[in-house]
Each structure stands twice: as C-alpha cells, then as structure tokens.
Amino acid sequence: MTNADWAAAADVDFTLPSAARIYDYNLGGSHNFAVDRAVAEQVNQAMPDLPLIHRANRSFLRRVVRVLADAGIRQFLDMGSGIPTVGNVHEIAQRAAPESRIVYVDVDPVAVTHSNAILADNDRAAAIRADVRNATGILEDPTVRSVIDFSQPVGVLMLTVLHYISDEDHPLELVRTYRDAIVPGSYLAISHGTMESSTGDQTKAGVQAGVRSKIPTTMRGRAEITRMFDGFDLIEPGIVFAPEWRPDSLNDTFRDEPDRSATIVGVGVKR
Ligand code: SAM
C-alpha cells in the first residue's frame, strides 16, 4: 500500500494536521502528509527537543511492555496507540509471550487503518477507531470484548495521550472509569507531558505553537499525574521522568538529562 492508498482507505482530511502523524514524522515514519510536516516543523522550531522527547517516550513504551510481560500480563489495551512504528506493543508482548492479546485504540484514521493492515494475520490483536474520552463505548466495544477478557488482568497503556484531554473533559475521572473496569493485578502505565522541568519554557512555546495549529495540549504536573494512579500501587521507581523509568541502555535518549524529556511517567498495579 502506498501513502496515497493509506490516505484513501483511511478517509483522511488533508487540510487538518494530526497528532498521530506529527508523532510519526518526528519518529522518522512515512505515514504523514504535507499539513502534518508543516505543523511538525513549526512546533519543533518552538520546541527543538520535541523529536527527541518523542523518541524518549517511545523507548519508555518498549520498556514498560517488557516489564508488564515479565510480570505475567498477557492482555494490553493501548489507548491513543498512534501509527505503528518500530517496536509496537503487540510485537514486544507477543515476542515475550505469543499468546498475548492486544487492542489498539486511536481516534486517528491513518493510525487505525495502518494498524489493522499490519494486524491482518494476527488473530490476537485488533485496532479500533475511538475517542478515549468515550470510555464506556470502548469498554463495551465488541472488538475490544472479543480480544480482551476483563475477568483477567489487563495492562492499560495511556502513553502521551492524556495531555490531549483537556481539564473540561475530566482526565482523572476518565482514568478512573478504565480503572474500575479492570481487575486487581491489572496495570496502568501513563506518560504525560509536563512543564515542570528545566526546559519548561521550551515546552510552553511548543504548546502555544500546537494551539495555533489546532492541536491543543494540556501539560500537567507531577502531583496531578500522581493522582491518576488513585487505587493503584506505583511500582518502582514511581513517578519519574521517562528516561529514569527502568533504563536499560546507556544510550537511551536523555539518559543523562532526564528532565529534558519533559515527560513524566508512572506504572501502577491495581489494588
Ligand atoms: N501512545 C503512543 C506512544 O506513546 O508511542 C502514541 C502517542 S501519540 C503522541 C498520541 C496519540 O494519541 C495519537 O495517535 C493521537 O491520534 C492519539 N489521540 C489523541 N487524542 C485522542 C483521543 N481523544 N482519543 C483517542 N486517541 C487520541
């Protein structure tokens, strides 16, 4: 499938930039269009660390899925999953345990079309197009229910998606709705943009550039992100910057300057 085929299959509006495709562009992917690249360049100009911040987050995703797989988690609900790129959740989880089951959820049509294409031969993984704010709809979705058994522990991933949810949409309550649907022993992983770092001014400029391009985000602080884990016991090392969470390589992005990731993360196990 060519890029034009993806776009046609996904029914893309070429005039609107998308967070998923900007992220794809910054990670070196090819599922993005002129409008996305133009906005990415504007935001990156305001926030030069952003492509590396995206890499640091993606690296956290790989580590967290490995840790959850090692902890015995065999089902993953990946909210705001993005466009498949190197090291996707199903690849990592099914490499660790082939029986692992994964549902990807994203609002972006390209992300979902591309995910479904690469999952065509994988009967233990699926992707649905949905807005994470519609928690009830997602939790009752027939595809989700056919892949995920909610009587068993689930790993819920909310990685760099909650900062697209404004305060008016009550992100804390949203996370609690997902929490209440999973059994004790399930895990929640969050990564979230923050201005509480030495590079806060750069992040603020990036947020302003995003707002001008109609991609608003709400950065949050450590205290608020910690509250998202109400009802969970945080596993080590707790709430930290992304590169500080169980680093496995000296070469990880921002390993020596973790706060430059401008991304606070945590992983908790449901009580
Ligand atoms: N979670 C992946 C990761 O961490 O590598 C992708 C992160 S990407 C920066 C953010 C993703 O969230 C995009 O794919 C975007 O389409 C998706 N997203 C933003 N708001 C959303 C919403 N309300 N519902 C579902 N997905 C959303």
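The model shown is predicted, which means the values in this text are computed figures rather than measured ones.

Here is a general trend for soluble globular proteins: nonpolar side chains tend to be buried in one another's company. Ranked by size, the top nonpolar core spans 35 residues in total, and within it M79, M158 and Y178 carry the most contacts. Residue assignment for this core shows that the elements contributing at least two residues are β1 (75-79), β2 (101-106), β3 (125-129), α7 (135-140), α8 (142-147), β4 (155-159), α9 (171-181) and β5 (187-193). A per-element tally of this core places α9 first, with 4 residues. Contacts of M158, omitting those with residues within four sequence positions, involve M79, V175, Y178, L188, A189, I190 and S191. Counting residues in hydrophobic clusters, the runner-up holds 27 residues, among them F76, I92, L159 and A242.

Y23, N57, R58, G80 and D106 are the nearest of the 19 residues found near the ligand. Contacts to the ligand include N57, whose side-chain N or O atom sits 2.8 Å from an oxygen atom. Between the ligand and the protein, one listed contact pairs an oxygen atom with a backbone N or O atom of G82 at 3.5 Å. Burial of the ligand by the protein chains amounts to 96% of its free accessible area of 600 Å². Residue assignment for the shell around the ligand shows that the elements contributing at least two residues are α2 (19-26) and α4 (50-70). If you tally residues by element for the shell around the ligand, the top one is α4, at 3 residues. Tallied by class, the residues present in the shell around the ligand amount to 10 nonpolar, 5 polar and 4 charged.

Cut-off values and rules
Residues numbered from 1 in each chain as written. Predicted model: local features only at pLDDT ≥ 70, side-chain atom pairs only at ≥ 80, totals over all residues. Heavy atoms only, no water. Core = buried A, V, L, I, M, F, W, Y, C linked by side-chain atoms within 4.5 Å. Buried < 20%, exposed > 50% of the residue type's maximum accessible area, 1.4 Å probe, protein only. Helix = DSSP H or I, 4+ residues; strand = E, 2+ residues; numbered from the N terminus. Contact = heavy atoms within 4.5 Å. Near = heavy atom within 4 Å. Polar contact = N/O pair within 3.5 Å; in protein donor to acceptor, adjacent residues only side chain to side chain. Areas by Shrake-Rupley, 256 points an atom, 1.4 Å probe, with all protein chains shown as cover. Nonpolar A, V, L, I, M, F, W, Y, C, P; charged D, E, K, R; others polar.

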